Structures are given as structure tokens and as C-alpha cells.
Amino acid sequence: MRGNLILILTFIGFSCFGQKKPVIEVYLIGGQSNATGQGYLSNMDDSMKVDHRVWIYHSGKPHLNSSFLPDQWFPLHASSESPDRFGPELGFGSQLQNLRPKAHIAVIKHAHSGTNLYKQWNPGKDQKDTINQGLQYKIFMSTVKSGLDSLVKRGYQPVIKGMLWQQGESDADKGEEISKSYGKNLKQFIIRVRQDLKTANMLFVYGYVYPPPNKSIAIDEVRNGQREVASSAKTSLSVRNAYVVFTDDLSQRANDKNTPYPKDHIHFGTKGTWELGLKMAEEINKHLK
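Residues numbered from 1 in each chain as written. Predicted model: local features only at pLDDT ≥ 70, side-chain atom pairs only at ≥ 80, totals over all residues. Heavy atoms only, no water.

Q: What is the right way to read the pairing of strand β7 (residues 157–166) from this model?
A: Within a regular strand, the side chains alternate between the two sheet faces. Pairing of strand β1 (residues 23–31) with β7, which is carried by nine bridges, proceeds in the parallel orientation. Looking across to β7, one finds that I24 is bridged to P158. (Pairing = 2+ DSSP bridges. Helix = DSSP H or I, 4+ residues; strand = E, 2+ residues; numbered from the N terminus.)

Q: Teacher, can you tell me more about the packing of aromatic side chains here?
A: Pairs of aromatic rings are described using the distance from one ring centre to the other and the angle between the two planes. Enumeration over the complete set of coordinates arrives at 12 aromatic pairs. With a centroid separation of 5.0 Å and an interplanar angle of 85°, the aromatic rings of W121 and W165 are classed as edge-to-face. Pair noted here: W121 is in the loop between β6 (105–109) and α4 (135–153) and W165 is in strand β7, with a separation of 44 residues, a long-range link. Of the residues examined, W121 reaches a relative accessible area of 0% and is grouped as buried. Ring geometry for Y137 against F189: centres 6.0 Å apart, planes inclined by 75°, an arrangement best described as edge-to-face. Separated by 52 residues along the polypeptide, Y137 in helix α4 and F189 in helix α7 (residues 182–196) bring together distant segments of the chain. With relative accessibility at 0%, the residue F189 sits in the buried group. Every member of this aromatic cluster is reached through a ring pair, and the members are W121, Y137, F140, W165, F189, F204 and Y206. Over the face of the ring belonging to W55 we find R154, whose NZ or CZ atom lies 5.9 Å from the ring centre. Sitting over the ring of Y261, R253 keeps its end group 3.9 Å from the ring centre. (Phe/Tyr/Trp six-rings, centres within 6.5 Å; stacked < 30°, edge-to-face > 60°. Buried < 20%, exposed > 50% of the residue type's maximum accessible area, 1.4 Å probe, protein only. Lys NZ or Arg CZ within 6 Å of the ring centre and 35° of its normal.)

Q: Which parts of the structure should I look at to understand the pairing of strand β3 (residues 55–58)?
A: Taking every second residue as pointing to the same face, both faces of β3 are buried, with W55 and Y57 on one and I56 and H58 on the other. In terms of strand pairing, β3 meets strand β4 (residues 74–75) through two bridges, oriented antiparallel. Across the sheet, the residue bridging to I56 is F74, located in β4. Both β3 and β6 contribute to a ladder of four bridges, which runs parallel. Bridge pairing in β6 places W55 opposite A106.

Q: Help me understand the packing of α7 against helix α8 (residues 217–229) in this model?
A: When two helices pack together, their arrangement is given by the angle between their axes and by how far apart the axes lie. For the pair α7 and α8, interaxial distance at closest approach is 7 Å and the crossing angle is 45°. Of the possible angle classes, the one that applies to α7 and α8 is oblique. In the crossing of α7 with α8, the sense of the turn from one axis to the other is right-handed. Where α7 approaches α8, its residues Y182, G183, L186, K187 and I190 are matched on the opposing element by V222, G225, Q226 and V229. (Axes fitted to C-alpha atoms, helices over the stretch in contact; angles between N-to-C directions. Parallel < 35°, antiparallel > 145°, perpendicular 65-115°, else oblique. Left-handed = near helix turned anticlockwise from the far one by under 90°. Contact = heavy atoms within 4.5 Å.)

Q: Can you walk me through the nonpolar core in this structure?
A: One broad trend across soluble globular proteins is that nonpolar side chains are buried collectively. If you look at the biggest cluster of nonpolar residues, it comprises 39 residues, and the most contacted ones within it are L28, M163, W165, L186, F189, V193 and F204. Those elements that provide at least two residues to this core are β1, β3, β6, α4, β7, α7, β8 (203–207) and α8. In terms of residues, this core owes the most to one element, α4, which gives six residues. Residue contacts for L186: discarding those within four places in its chain leaves L117, W165, F204, Y206 and V229. With 28 residues, the next largest nonpolar core counts L90, F92, L96 and L288 among its residues. (Core = buried A, V, L, I, M, F, W, Y, C linked by side-chain atoms within 4.5 Å.)

Q: What exactly am I supposed to notice about α8 here?
A: Between the first and last C-alpha of α8 there are 19 Å, a value that for 13 residues agrees with the 18 Å anticipated at 1.5 Å per step. For α8, the complete set of buried residues consists of A218, I219, V222, R223, G225, Q226 and V229. Considered in projection along α8, the buried side chains sweep an arc of 150° and stay on one side of the axis. Check the buried side of α8 and you find it contacts α5 (169–174), α6 (176–180), α7, β8 and β9 (242–245). (Expected span 1.5 Å × (residues − 1). Arc of directions from axis to C-beta.)

Right, here's the structure in full:
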């Protein structure tokens, strides 16, 4: 608690100085269990240094449950579904700050384990189609907009630069048409997020799901959809400024130190979760202008 108090006091000090409206770069995080994060704070090693110059704002229970209050700005900290775990926010924020030392960086996160894209994160056909919007999409948008409003009230000019997305396992589990439609649904999701947040050029970075040794037809269909959405794929599903990162080389929870889940190859472990954040930061930074 003493360490958290020092961080909070430092954070308050930073936010009180200056009369101008400095620009603050905002990055969004959404998705399911590998976005909430299954890395364990107790397994972090000395190489995993969290940069507390970065700020974070996240949703609360039953979605995320950190040791900090939700829907408030604090220095970067773990924000997963339980206080002992972390997601890609730690590696991402710390690495991006390292790559962009002069930037003021803020992260807004909403994620919920076990959720799907086709219904729960469904963004609707357009901005007027609120009846078909999924609950998680609505909460995500509410969290992002309240976080942005809070920055404005603090005297900052928030600029959304990019979004991280780690999701797809639930859609692969459904199989058949839902799995086959993942690429189409992901494309619509990216388009709609940009529309609702008025960020036409927002970078969108996401990671492949279900790495080996997982294998099935439905998994392949979702991963193929992920591949085709990337701008570099140049398919009918490709979206400008969308980039997929390779995740098959990341360590899994089955390989974690003292893991309670020795057969879990679906979720990234402590090192894998940290390195997912690093990869996403490097991909974002590569395309920033």
C-alpha cells in the first residue's frame, strides 16, 4: 500500500502543473482473457520494469479487478480480472514509453474473459444501430469516453493513437459460420470503433489466438480471418492501419513457474503476457507518424 500511495501522490503532482493543454497520447485495450491477462505478478522477474510515467484508466468488476479503483486515472499498474494478475498493458505501456521518451502516454482498458466478438463485442451495423450492440462494446465505449473526458477536465488534449485487441478464442470455440465470419466481424469492429471515436486513422494492433499446440478447423478459420484483416494481406477483408502480431513463440501459462494450470496452452503465461505487450508496443511505434 505504501508503494501505491507514493505512486498516487506522484501522479497527483504531475497533473497539477502547467497552464497549457499538453497533448497526451491515448491507447486502448480490449478483448477477452488474454487481454485481461493471465500473467502473475509474483512471477515477474527483474527485467520486467513497469514505467509509472504511463497512466492507466480501466473498467471495474466483474470485468477487471485491480488493487486500484476503477474508472480513475492512476500510474500504470496491473489491471486483470484479479489483483494478482496482469495483462499486456504493463509490457506495452512500459516499452512504448521507452520507445517514445518525450511522449505523455495513457492507456484505457476494458476487457472481459470468455467474451465473443460476434455478439458480446458486436458494434452494430452503424452508429444508429444501438439495439444490436453487444454489452461489452457498450461498456468499452463508455469506459473510453469517460476516460477521455477525465483527461480533458485535467487540462489535457487527448489524442487516440492506437488500439490493442486480443480476442477470438470464444468465436473459434463456436465453430461453423461464427468461426468462418471472424474476419468479417473483426473488420466491422475496427471500422465501427473508429467511427464511434472519430479516429479514422487509429492504428489497430492485434495478436493471433490459439497458438500451437492447439489445433482444429475452427481455430484455423479464426486465425485465417485474423490474417486476412491485416492491411499487409491485401485481401477483401484487409483494413488500412490494421496489423497482426505473431504470438506462437510466446510462453504459455502451462509453462509458467509454479503454474496452477499445467495443461493451459490457450493463455499466455507471465513472460508471454509481458512480451505480448512489448510486441504490440513495437508494432504500434513502427507505424506512428
